[in-house]
Amino acid sequence: MWVLLRGGYPLRILLPLRGEWMGRRGLPRSLVPGSPRRRYRKEALPALEVPVLPVTATEIRQYLRAHGISFQDGHSCLRAPSPFVKALQLKDQTGATASFSLFIDKTTGRFLCMTSLAEGSWEDFQASVEGRGDGAREGVLLGEAPEAEDSEEVQRIWDRAIPLWELPEPEEAQLARVMFGLTKVTDDTLRRFSVRYLRPARSLVFPWLSPGGLGLRGLKLLSAEVQGDEVHYKETTIPRPGVYHNLFGLPLISRRDVEVVLTGRELDSLALNQSTGLPTLALPRGTACLPPALLPYLEQFRRIVLWLGDDLRSWEAAKLFARKLNPKRCSLVRPGDQQPRALEALNQGLNLSRILRTALPAWHKSIVSFRQLREEVLGELSNVEQAAGIRWSRFPDLNRLLKGHRKGELTVFTGPTGSGKTTFISEYALDLCTQGVNTLWGSFEISNVRLARVMLTQFAVGRLEEQLDKYDEWADRFEDLPLYFMTFHGQQSIRTVIDTMQHAVYVYDICHVVIDNLQFMMGHEQLSTDRIAAQDYIVGAFRKFATDNSCHVTLVIHPRKEDDDKELQTASIFGSAKASQEADNVLILQDRKLVTGPGKRYLQVSKNRFDGDVGVFPLEFNKSSLTFSIPPKSKARLKKVKDDNGLVTKKPSSGKKGAVPQNSKTCLGQAHHPYQPDPSKPSR
């Protein structure tokens, strides 16, 4: 029998850092079967010299018609007869007969058989239909089976967990309800969703049940920590988050249900179902990602309401997910004071059914009026910090200038050769990635192995070659980041790169793409044509991609040749003025060469379309950690830039030596870094 692992097309184009950590992060030691160890599946990462281009919905339909396979067109998938089950079987949980239980994703071509749970890539489906491969002889293709250790630990934790109402001490049960906000959630609701409580970890346990509710595939543990006046929740999943595809509440869905409410947390699903009686499902990774593997389970619904949270980040995620689900059937609950999370609304005594009736359609015509936009404008005015985007942790002065990292923008970054552009931009992107920004790297100049080594060193804030005993600890943490790499190197077609980026946005919900750099990607194919025009076309393509996909693109471009004693300006970017015109932000890494020692570096923000603030601040390179940082005790001040010709200088105050003249760049000490491991916390 042929067992197909979850490899398929995405891993052939996008190379995420992989490796399955078999330890149990964040669980009590009494529940850990042994010391952590690693297991890699080498066959799960096929090495292809020529990347496979994504398949289109038209090509899928043409292939099915050419082979006489009937199909039905759905919202995000095509439904076809499954070659992996017998034709005469009972209906599955979605109401589809076994002969039409195969769902084929229109965007990626990946398939899932609801009856046999067979799944694979479009190439695997073609091989099965055409009688190629071992799977054709057996006539059945199995999905990825859970690891034996995962299954054992899942069952062990589930057996030790007990329902809240069965806790021997009523005070403990009441404390747990208060910590998780479940004071108004009834025991019947918890029983219906099979929610339990693990006393040693003081965590709620949410089960991942197989279709039909017959088997236990995984668990999510939710713990609560009080920090000041707020309660912060921490999630632990078994198996790891990358393969934890649990739509919490799916066993309670009837094949007759045509409407469902999607939430970002399991607790919100409990509150919604209890208050409204509507079918509710919780996404496994909240607002971070909607895995395409879940789309077949949502095909039966004619209307989907997304109520993911109470902040602008949840609102942006809801609009992004609606594109995958088909916007014409989606409605969105807009965050607001009177429309908080579902659980908070229940605790505040609000009418959840009334809030659902205010949900706005996700799809509209190409032309809109201000009446349709006024609430969204009010949301940005009421939440200025959230509208500004994700703030950097390592570069506070960058926050004061750019205010944050926002979706849908294009940032152009340049600097002299050898000044450290790749090293800086890798830390710049790593900072955002550690805060949950799904990131895709396109490194056309250096290899992915070398880039990953640099980023891991920056993440650990130290040389790991000098402390190899800590490599697994840091690698485990680094592996959990939503970070992916394109396998391209050197000259590439812009169409191939854009197709790969679009695929990554669809599959991994990528929010930030880094292209390093434009000249290496172009190669020498335009030497005989107008190279400037070709570069303008590529910049325009990245600009359009960022806008259409609500994804931030950071584009590294080499500058034109300048004298070493002259500072770079916006006009120094190689090519025509189109790159700086199309960009929302322009960052310049200035490097002043000195005869007596290493050059002095500082970062200049020469364009900021968000609010116009531009300026410059000093940087210092720490060779041991490969990081740039701003020391908190430095007296060097942020300086505003008037234009590309010079700085607005301030005279030093009397008696103070910290004022920085116009063209000086001060060498600053290394700041304490927030990503140092906490020895008081257990290793992940």
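The name an unreviewed UniProt entry gives the protein is Twinkle mtDNA helicase, with Leptonychotes weddellii as the organism. Its UniProt record gives the protein a comment under Catalytic activity (unreviewed entry), which states: "ATP + H2O = ADP + phosphate + H(+)".

J.: Help me understand the overall build of the protein in this model?
T.: Helix and strand counts for the protein come out as 21 helices and 29 strands. Burial analysis of the protein (684 residues in total) assigns 53% to the buried set. Taking the contacts inside the protein whose residues are at least 6 apart along the sequence as the reference set, 68% of them involve residues at least 24 apart.

J.: Got a minute to help me understand the packing of helix H2 (residues 57-66) against helix H3 (residues 122-129) in this structure?
T.: The axes of two packed helices give the description: the angle between them and the distance between them. Their axes nearest at 12 Å, the elements H2 and H3 cross at an angle of 5 degrees. Taken together, H2 and H3 sit at an angle that is classed as roughly parallel. Here Ile60, Tyr63 and Leu64 of H2 come into contact with H3, specifically with Trp122, Phe125, Gln126 and Val129. Along the lines of polarity and charge, the residues of the contact of H2 with H3 split into six nonpolar, one polar and no charged.

J.: Just to check I follow, could you spell out the pattern of salt bridges for this structure?
T.: Pairs can form between side chains of opposite charge whenever their charged atoms are close. Under the criterion given, the structure shown has 25 salt bridges. Between Arg341 and Asp310 there is a salt bridge whose closest N-O contact spans 4.0 Å. Of this pair, Arg341 sits in the loop between strand S17 (330-332) and helix H10 (342-347) while Asp310 sits in the loop between strand S16 (303-307) and helix H9 (312-325); the two residues are 31 residues apart in sequence, bridging distant segments of the chain. As a salt-bridge pair, Asp509 and Lys324 come within 3.1 Å of each other at their nearest N and O atoms. Within this pair, whereas Asp509 is found in the loop between helix H18 (494-508) and strand S22 (512-516), its partner Lys324 is found in helix H9, the two being separated by 185 residues in sequence. What makes Asp509 buried here is its relative accessible area of 0%. Lys324 sits in the buried class, given a relative accessible area of 6%. If you follow the salt bridges from partner to partner, you end up with Arg265, Asp268, Asp310 and Arg341 in one network.

J.: What am I meant to see in the nonpolar core here?
T.: Side chains of nonpolar character tend, in soluble globular proteins, to be buried together. Core analysis: the biggest nonpolar cluster contains 68 residues, and Leu306, Met501, Ile515 and Phe542 have the highest contact counts within it. Not counting residues within four places of it along the chain, the set of residues in contact with Phe542 comprises Ile494, Val497, Ile498, Met501, Ile515, Leu518, Met521, Val553 and Leu555.

J.: Looking at this structure, how should I read the packing of aromatic side chains?
T.: Enumeration over the complete set of coordinates arrives at 17 aromatic pairs. Residues Phe111 and Phe125 carry aromatic rings whose centres are separated by 5.9 Å and whose planes lie at 55 degrees to one another, so their mutual orientation is tilted. With Phe111 in strand S7 (residues 111-113) and Phe125 in helix H3, this pair connects stretches of sequence that are 14 residues apart. Summarising the aromatic geometry, the rings of Phe444 and Phe488 are spaced 6.4 Å apart at their centres and angled 10 degrees between planes, so their arrangement reads as stacked. In this pair, Phe444 is assigned in the loop between strand S20 (439-443) and helix H16 (448-460) and Phe488 in the loop between strand S21 (483-485) and H18, connecting sequence segments 44 residues apart.

J.: Could you clarify how one ought to interpret H16 in this entry?
T.: Think of an α-helix as turning once every 3.6 residues; residues three or four places apart then point the same way. Helix length check: H16, at 13 residues, gives a terminal C-alpha distance of 18 Å against a target of 18 Å (1.5 Å per residue), a fit within 8%. Buried residues dominate H16, accounting for ten of its 13 residues. Asn448, Leu451, Ala452, Val454, Met455, Leu456, Thr457, Gln458, Phe459 and Ala460 are the residues of H16 that are buried.

J.: What is the right way to look at the packing of H16 against helix H17 (residues 471-479) in this model?
T.: With their axes 10 Å apart at the nearest point, H16 and H17 run at an angle of 100 degrees to one another. Regarding the angle of H16 to H17, the classification is roughly perpendicular. Contact residues: Ala452, Met455, Leu456, Phe459 and Ala460 in H16; Tyr471, Trp474, Ala475, Arg477 and Phe478 in H17. Here the contact of H16 with H17 is built from residues that sort into nine nonpolar, no polar and one charged.

Definitions and cut-offs
- Residues numbered from 1 in each chain as written.
- Predicted model: local features only at pLDDT ≥ 70, side-chain atom pairs only at ≥ 80, totals over all residues.
- Heavy atoms only, no water.
- UniProt positions renumbered as here; feature names shortened; annotations may be inferred.
- Helix = DSSP H or I, 4+ residues; strand = E, 2+ residues; numbered from the N terminus.
- Buried < 20%, exposed > 50% of the residue type's maximum accessible area, 1.4 Å probe, protein only.
- Contact = heavy atoms within 4.5 Å.
- Axes fitted to C-alpha atoms, helices over the stretch in contact; angles between N-to-C directions.
- Parallel < 35°, antiparallel > 145°, perpendicular 65-115°, else oblique.
- Nonpolar A, V, L, I, M, F, W, Y, C, P; charged D, E, K, R; others polar.
- Salt bridge = Lys/Arg side-chain N within 4 Å of Asp/Glu carboxyl O.
- Core = buried A, V, L, I, M, F, W, Y, C linked by side-chain atoms within 4.5 Å.
- Phe/Tyr/Trp six-rings, centres within 6.5 Å; stacked < 30°, edge-to-face > 60°.
- Expected span 1.5 Å × (residues − 1).

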